[in-house]
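Here is how the chains run, residue by residue.
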Amino acid sequence: MWRILRSDATSVLKDENARASLSRYFDVMQGKKPAKFLIAKKLPVDFSQEDSLSELWRIHEESTAHFLHLQQEIDSERKTLGSLGTPEASFHDLKIEIASRILSGCHFCTRRCGANRGEGELGYCRCGTQALVSSVFEHLGEEPELVPSGTIFTMGCTMRCLHCQNWTISQWFESGNVYTTKRLALAVEQLRRNGCRNANLVGGEPTPWLQQWLRAFREVNVNVPVVWNSNSYYSEETARLLAGFIDVYLLDFKYGSNECARRISDAPGYLEVCSRNHLLGKKHGELLIRVLVLPGHLECCTKPILKWIGDNLGMNTRTNVMFQFRPEWRAYEVPELRRRLTAAEMRQAVNFAKEAGLTNFIT
């Protein structure tokens, strides 16, 4: 059925560029290697709930290095996941403990609002402690290497993009359905059994729900690559927790100008935060970058973004130059966003990608 609906989802399996930039993802997807979260659950870590947060972070830093070594041993087949015991406390458990501490003074996103979510306080994203889900389904509209993608759309967002295409989810025009971590885990496992290539954590924005996602994957027992489908506006602490959990960083690179980010998405300092998180994503996993081309923003955003990717992440970085923009939600408040892209703008964006030397971009 999937092949009939998306022939490119089949042909991408033989795409040398896609496989080169996302080689481990393809191996996990096809059951040749274990997902990172499965390895993290096998790595023993000695910590206590009595440890201070700073001490937990120190242990986490050491454990991240140990995780990388263990992953290399497993990937090279010097060790197997099955040969490892189940520790009393694991690297994954340590991540859960740290994320739970963060909930009391929330700084999962770069705003660092400090809301005590455990006491019922709601910050900018308006997310509490119970995961709220809009929908769970097999997505056929993602990049070909992801399709069919096991998408779980959570409520809320850390940005206010006036042109948001998922605005009913991100801005709480829906109420969402409460999902326990067990229910989230079962949803992930069912999507995998249904033939999905991955678990696609999306929204809205997955960042506010990181603690709930980590808890959920403690109960996931199938091998499935985890895709972090994010606006990239998350804190350095979140980036550290994602290392050893996320297989593919499916990251937006929305703006090449902080002024554009502030004016359109209420995201001050976006460029620096986004750049840092792309670099950390490349260091700790594999990247698939989305660049949504906005009308009137070719010179200020599209061009510098594509050049930055080529200069800093490599010419073969898998990049989706997207022409799907349409005026949604409050886009009418931004004069240049009241229309769709022109054919000339699309051609110009492709030329910018070529000028940046990108050899692995799709449209």
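These numbers were taken from a predicted model, which means no experiment stands behind them.

Under the counting rule described, the total for this entry stands at 11 aromatic pairs. In this structure an aromatic cluster arises from ring pairing among Phe 37, Trp 213, Phe 217 and Phe 245. Above the plane of the ring of Trp 57 lies Arg 240, whose end atom (NZ or CZ) is 4.0 Å from the centre.

Our next topic: the nonpolar core. By size, the foremost hydrophobic cluster in this structure holds 102 residues, and its most contacted members are Phe 37, Trp 213, Phe 217, Phe 245 and Tyr 255. Dropping the residues within four chain positions of it, Trp 213 is found in contact with Ile 152, Thr 154, Leu 184, Val 188, Leu 201, Pro 206 and Phe 245. Of all hydrophobic cores here, the second largest spans 11 residues; its members include Tyr 25, Phe 26, Met 29 and Leu 146.

A few words on the pairing of strand S5 (residues 226-230). When you tally the buried positions in S5, you get 5 out of 5 residues, the bulk of the element. The two faces of S5 match: Val 226, Trp 228 and Ser 230 on one face and Val 227 and Asn 229 on the other face are all buried. Of the strand pairs in this sheet, strand S4 (residues 199-202) and S5 are connected by 3 bridges, and their pairing is parallel. Among the inter-strand pairings, Ala 199 is bridged to a residue of S5, identified as Val 226. In this region the chain leaves S4, passes through helix H10 (residues 210-217) and returns to the parallel neighbour S5; the handedness of that crossover is right-handed. Sheet topology note: the S5/strand S6 (residues 248-252) ladder contains 4 bridges and is parallel. Bridge pairing links Asn 229 to Leu 250 in S6. In terms of handedness, the path from S5 via helix H11 (residues 236-242) over to S6 forms a crossover that is right-handed.

Now for helix H13 (residues 270-284). A rise of 1.5 Å per residue sets the reference length of H13, with its 15 residues, at 21 Å; its end C-alpha atoms lie 21 Å apart and thus fit the reference within 8%. For H13, the complete set of buried residues consists of Tyr 270, Val 273, Cys 274, Ser 275, Asn 277, His 278 and Gly 281. Looking at the buried side of H13, the elements it contacts are H11, S6, helix H12 (258-265), strand S7 (286-292) and helix H14 (298-312).

Our next topic: the confidence of the model for the chain. Interpretation of the predicted coordinates at a detailed level should be avoided for regions scoring low in pLDDT. Per-chain confidence: the chain averages 97 in pLDDT, with 99% of residues scoring 70 or above. No element of the chain has a lower mean pLDDT than helix H1 (residues 2-5), which averages 50, and none a higher one than S5, which averages 99.

Scoring rules and cut-offs
Residue positions are counted from 1 within each chain, in the order its sequence is given. Where local features are concerned, this predicted model is filtered to residues with pLDDT of at least 70; where side-chain atom pairs are given and counted, the filter is 80 or more; whole-chain, interface and lining totals use all residues. Each side-chain value is worked out from all heavy atoms of the structure, with water and hydrogens disregarded. Pairing of aromatic rings covers Phe, Tyr and Trp, the last counted by its six-membered ring, and requires centre-to-centre distances within 6.5 Å; plane angles under 30 degrees mean stacked, over 60 mean edge-to-face, and any other angle means tilted. A ring has a charge above it when a Lys NZ or an Arg CZ is no more than 6 Å from the ring centre and no more than 35 degrees off the ring normal. Residues enter a nonpolar core if they are buried and are Ala, Val, Leu, Ile, Met, Phe, Trp, Tyr or Cys, with the set joined through side-chain atoms within 4.5 Å. Whether a residue is buried, partly exposed or exposed follows from its accessible area with a 1.4 Å probe, protein chains only, as a fraction of its type maximum: under 20%, in between, or over 50%, in that order. Residues are treated as being in contact if the distance between any of their heavy atoms lies within 4.5 Å. Each helix corresponds to a stretch of at least 4 residues labelled H or I by DSSP, and each strand to a stretch of at least 2 residues labelled E; elements are numbered beginning at the N terminus. In this analysis, strands are considered paired if DSSP registers two or more bridges between them. Handedness of a crossover is defined as follows: with both strands directed away from the viewer, a clockwise route from the first strand across the helix to the second makes it right-handed. Expected helix span is given by 1.5 Å per residue-to-residue step, counting one fewer step than there are residues. Across the chain, each position has a pLDDT score giving the predictor's confidence in that residue, from 0 to 100.

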